[in-house]
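Residues per chain are reported as follows:
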Amino acid sequence: MGSSFWVAFSACSVTVRGLGFCRVLRMCRMVFYGGMNGKGEVLDEIYEFNFHTQSFELIEQKNKGPGARVSSSLVPLGDDAFLVFGGSDGKTLYNDLWVFFLRARRWERVRAFGDAPQPRWIQTASVIDGRMLVFGGQDAQNNFINDLVRLPSPLSHKPLRNNPVGPP
């Protein structure tokens, strides 16, 4: 196995500081959503980091989405969108699912069928074969959740208004 080196980027033209951000890679960019700043405020912002220009851009949100979240899960949905699952607004834990379309800069709530996983935060998620998998996390009493759940059908990167995610 060859050697690898860590590379530090000096891109801090926008202050994106805090914890609990969720992020996803797309092309030569990384998207960050939510998180908590140094004052303990939960954020409702989307930033995109461009590896070519080494700069952050605040992404406009043209409609209301899930709101401020910390420690939710973010996974890619095609080349133009990402899914957000769960997390906390600092008071409440969620088990909802949202999609954000980067070109349109719009949110849509995903209607998933079947038994939803329990509300949680600090979980991890991946997409395998177009299906979102969510593992673990913590519940409202800070108990560790030891389950692996899967969104029941393949996801589409098309708008979900007339195409709810449902049984196969």
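As the structure is a prediction and not an experimental result, all values here were calculated from the model.

Thresholds applied
Residues numbered from 1 in each chain as written. Predicted model: local features only at pLDDT ≥ 70, side-chain atom pairs only at ≥ 80, totals over all residues. Heavy atoms only, no water. Helix = DSSP H or I, 4+ residues; strand = E, 2+ residues; numbered from the N terminus. Buried < 20%, exposed > 50% of the residue type's maximum accessible area, 1.4 Å probe, protein only. Contact = heavy atoms within 4.5 Å. Areas by Shrake-Rupley, 256 points an atom, 1.4 Å probe, with all protein chains shown as cover. Core = buried A, V, L, I, M, F, W, Y, C linked by side-chain atoms within 4.5 Å. Pairing = 2+ DSSP bridges. Axes fitted to C-alpha atoms, helices over the stretch in contact; angles between N-to-C directions.

Caption draft 1: Highlighting the overall build of the chain. Looking only at helices and strands, the chain has zero helices and eleven strands in total. Counting helices and strands in the order they occur from the N terminus, the chain gives β-β-β-β-β-β-β-β-β-β-β. Looking at the chain as a whole, 42% of its 168 residues qualify as buried. The contacts of the chain with a sequence gap of at least 6 include a subset with a gap of at least 24, amounting to 44%. Accessible surface, the chain as shown: approximately 10100 Å² in total, 52% of it carbon and sulfur.

Caption draft 2: Structural view of the environment of Val99. Note that Val99 resides in strand 7 (residues 93-101). The spacing of Val99 and Pro66 is 33 residues in sequence and 9.4 Å in space, taken between C-alpha atoms.

Caption draft 3: Summary view of the nonpolar core. With 13 residues, the main nonpolar core has Leu83, Leu97, Val99 and Met132 as its most contacted residues. Grouped together as the second largest cluster of nonpolar side chains are eleven residues, Tyr33, Ile59, Phe82 and Trp107 included.

Caption draft 4: View of the pairing of strand 8 (residues 106-109). Note that strand 7 and strand 8 share four bridges and pair antiparallel. Following the sheet pairing, Val99 is matched in strand 8 by Glu108. Where strand 7 folds back on strand 8, the antiparallel hairpin that results is connected by four residues, among which Arg105 adopts a positive phi of roughly 60 degrees.

Caption draft 5: Spotlight on the environment of Val84. Turning to its location among the elements, Val84 is positioned in strand 6 (residues 81-88). Accessibility expressed as a relative area gives 0% for Val84, which makes it buried. Those residues in contact with Val84, other than ones at most four positions away along the chain, are Tyr33, Ser72, Ser73, Leu74, Asp96, Leu97, Trp98 and Trp107.

Caption draft 6: Representation of the sheet that holds strand 5 (residues 73-77). Pairing is antiparallel in the open sheet, where four strands are placed in the order 5-6-7-8. Either end of the sheet is taken by a strand with one partner, and the two such strands are strand 5 and strand 8. Mean inter-strand twist for the sheet, computed between neighbouring axes without regard to direction, equals 25 degrees.

Caption draft 7: Just the sheet that holds strand 9 (residues 124-128), in detail. Spatial strand order, 9-10-11: three strands in an open sheet with antiparallel pairing. Two strands in the sheet have a free side with no partner beyond their single neighbour: strand 9 and strand 11 (148-150). Strand-to-strand, the axes of this sheet are offset by a mean angle of 20 degrees, without reference to chain direction. The sheet contact formed by strand 9 and strand 10 (residues 131-135) spans five bridges and is antiparallel. If you follow Ile128 over to strand 10, its bridge partner there is Arg131.

That is the geometry; function is a separate question.
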